[in-house]
Amino acid sequence: MQLTVVGTGYVGLVTGTCFAEMGHHVTCVDIDANKVAQLEQGIIPIHEPGLESLVKANHAEGRLKFTTSLADAMRDSNIYFIAVGTPPGEDGSADLQHVIGVAKEIGKNLTDYAVVVDKSTVPVGTADKVREAIAGELGIRGVGVPFDVVSNPEFLKEGAAIEDFMKPDRIVIGAESDKAAELMGRLYAPFNRSYDRTIFMGIRDAEMTKYAANAMLATKISFINEIATLCDLLDVDVENVRRGIGSDQRIGFHFIYPGCGYGGSCFPKDVKALVHTAESNHFQPTLLHAVEARNQAQRRILFDKIVMRFGADLKGTIFAVWGLALKPGTDDMREASADVLIRMLIEAGAKVRAYDPVAMEVARDLFPADWLKDGRLSLVDHQYAALEGVDALALVTEWKPFRSPDFIAMKKLMARPLIFDGRNQYHPPEVVEAGFEYFGIGRRG
Ligand SMILES: NC(=O)c1ccc[n+]([C@@H]2O[C@H](COP(=O)([O-])OP(=O)(O)OC[C@H]3O[C@@H](n4cnc5c(N)ncnc54)[C@H](O)[C@@H]3O)[C@@H](O)[C@H]2O)c1
């Protein structure tokens, strides 16, 4: 089948590439001409395991194309995925300007029946707005081309995006016409070989499903973080509590790891957008407010622990930060915990030496250039180089190379042997035996 994916970011590029890998012919469209030119040359703008080889192979075989022209792409296909960003507006609502902009563009160029698929995460009722935007443009043109709008939210995780797209837990399709549902079913058939993972539902139900999924996951994270804070006060090791509750099959181990709060481009904005949806419908979502409040506190927990140990004035201190990406497997630093910590440390007078296996380039663009110039922030090229002369190490992202470090070598490099373990990666007795002071989340050495 021939399809167009509009927006070649995380979701659009993975979606287009995986459909192409299954034999479909895909044109990916983006307004960022530089990104499109890079992709044409096989340069992948994001770090995502397995993505580069798939993009190159499918591009070489002519199943995956890149362009800045939606009008050109539309000529070859009758399924148009909208996968552009939906950032938070000032009031927390999802900003739909890019989605509606694409819908209008589709309306300007539509000539034959097509299915327009909302892949971006969008609030309940957005499909109606997309439909109105397309119909409005058709009206201006004075033509009556039939089309359907479908909601097909994406559940992939950065760092495991290819695996998630190829073998999804479920494929949610909100469709209200048999023709559109049948077309979507055929499109996803290659992903359903072992068993059918598709769940068909109403469009509004599908839109809500995505927000409910992210809100549930954010709730689990905030829940365990709240328990971890209580464990800190009561001298309880939250890691034992985590294992004790995770082994209950009704609870499970997923998303109950204590840490420095959830970040990234999805959970914070999606929880906020759901709160906004609730409040615009005159409903106070007390649980979601609590989830957010816990997360706000959690995002600064490592800094608070550092201040408790060192005092509020950090002038003259140097901290190593291991892990900058919002999670392992990606170079995405959108709303990353390391970003929050580094800014707070530097604003309190400290210097920072930071290392990440893949996010160094992204970090270089993210932080103020004068911090890098005057040495307040040093981005170093090895995890051990980050430790030279520092007063403490803060571990923020749980990349595998940080899991089992050489504590003896670390102690020799550091000015003071202190570890703030923002992901509870280390076994406190081992760290203490190696001569370190240890501070975890909901556990101490
Ligand atoms: N990143 C994730 O892990 C993830 C997972 C599931 C769902 N989502 C949702 O998917 C959507 C996209 O997220 P993302 O992370 O891929 O965003 P992104 O910022 O990485 O990519 C968006 C892309 O859209 C392009 N774009 C913007 N306006 C355009 C237009 N008019 N025409 C063509 N291209 C345009 C941008 O240039 C950019 O390349 C969001 O709604 C997000 O919430 C993201």
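These lines cover the structure that appears in this document, whether it is placed above or below. (Residues numbered from 1 in each chain as written. Predicted model: local features only at pLDDT ≥ 70, side-chain atom pairs only at ≥ 80, totals over all residues. Heavy atoms only, no water.)

## Quick word on the overall build of the protein chain
Argument step 1. Within the protein chain, the secondary structure is distributed over 18 helices and 14 strands.
Argument step 2. For 445 residues, the compact-globule estimate of 2.2 N^0.38 gives 22 Å, and the protein chain sits close to it at 24 Å.
Argument step 3. Overall, the protein chain is about 75 × 45 × 45 Å in size when its C-alpha atoms are taken along their principal axes.
Argument step 4. Across the 445 residues in the protein chain, those meeting the buried criterion constitute 53%.
Argument step 5. Long-range pairs, those at least 24 residues apart, make up 73% of the contacts in the protein chain with a sequence separation of at least 6.
Argument step 6. With an accessible surface of roughly 19,500 Å², the protein chain has 53% of that area assigned to carbon and sulfur atoms. (Helix = DSSP H or I, 4+ residues; strand = E, 2+ residues; numbered from the N terminus. Rg over C-alpha atoms; globule rule 2.2 N^0.38 Å. Buried < 20%, exposed > 50% of the residue type's maximum accessible area, 1.4 Å probe, protein only. Contact = heavy atoms within 4.5 Å. Areas by Shrake-Rupley, 256 points an atom, 1.4 Å probe, with all protein chains shown as cover.)

## Concerning the pairing of strand β9 (residues 318-322)
Argument step 1. Of all five residues in β9, four are buried; the element is thus mostly enclosed.
Argument step 2. Taken together, the five bridges between β9 and strand β10 (residues 351-355) define a ladder with parallel strand orientation. Bridge pairing links Val321 to Ala354 in β10.
Argument step 3. After leaving β9, the chain enters helix α14 (residues 337-347) and then returns to the sheet as β10, a path that is right-handed.
Argument step 4. Examined bridge by bridge, β9 and strand β12 (residues 392-395) share four bridges and lie parallel to one another. Looking at β12, one finds that Val321 is bridged to Ala394. (Pairing = 2+ DSSP bridges. Right-handed = clockwise from strand over helix to strand, strands pointing away.)

## Some thoughts on helix α8 (residues 178-188)
Argument step 1. Along α8, the residues classified as buried are Ala180, Ala181, Leu183, Met184, Leu187 and Tyr188. When α8 is viewed along its axis, its buried side chains cluster within an angular range of 165° and face the same direction. (Arc of directions from axis to C-beta.)

## Examining the sheet that holds β12
Within a sheet, each strand pairs with its neighbour through backbone hydrogen bonds, oriented either parallel or antiparallel.
Argument step 1. Taken together, six strands build an open sheet; the order of strands is β11-β10-β9-β12-β13-β14 and the sheet is parallel. Both edges of this open sheet fall to β11 (377-379) and β14 (437-439), since each of them pairs with a single strand only. Taken pair by pair, the neighbouring strands of this sheet meet at an average axis angle of 20°, ignoring direction.
Argument step 2. In this fold helix α13 (residues 301-310) packs onto β9, β12, β13 (418-421) and β14, with an angle of close to 155° to the strand it touches most, β13. (Axes fitted to C-alpha atoms, helices over the stretch in contact; angles between N-to-C directions.)

## A word on the site of the ligand
Argument step 1. Of all residues adjacent to the ligand, which total 26 residues, the nearest are Val11, Asp30, Lys35, Thr86 and Lys269.
Argument step 2. Contact between the ligand and Val11: an oxygen atom at 2.8 Å from a main-chain N or O atom of the residue.
Argument step 3. At 3.1 Å, a side-chain N or O of Arg334 approaches an oxygen atom of the ligand.
Argument step 4. In the complex, the protein chains occlude 86% of the 830 Å² of accessible area that the ligand would expose alone.
Argument step 5. Elements with a contribution of two residues or more to the shell around the ligand: α1 (10-21) and α5 (97-109).
Argument step 6. Residues belonging to the shell around the ligand are distributed by class as follows: nine nonpolar, nine polar and eight charged. (Near = heavy atom within 4 Å. Polar contact = N/O pair within 3.5 Å; in protein donor to acceptor, adjacent residues only side chain to side chain. Nonpolar A, V, L, I, M, F, W, Y, C, P; charged D, E, K, R; others polar.)

## Considering the side chain of Lys210
Argument step 1. Turning to its location among the elements, Lys210 is positioned in helix α9 (residues 203-234).
Argument step 2. Salt bridges are absent for the buried Lys210, whose nearest opposite-charge side chain, Asp270, sits at 5.1 Å.
Argument step 3. Leaving out residues up to four positions away in the same chain, Lys210 has contacts with Thr121, Pro153, Glu154, Phe155 and Asp270. (Lys, Arg positive; Asp, Glu negative; His and termini not counted. Salt bridge = Lys/Arg side-chain N within 4 Å of Asp/Glu carboxyl O.)

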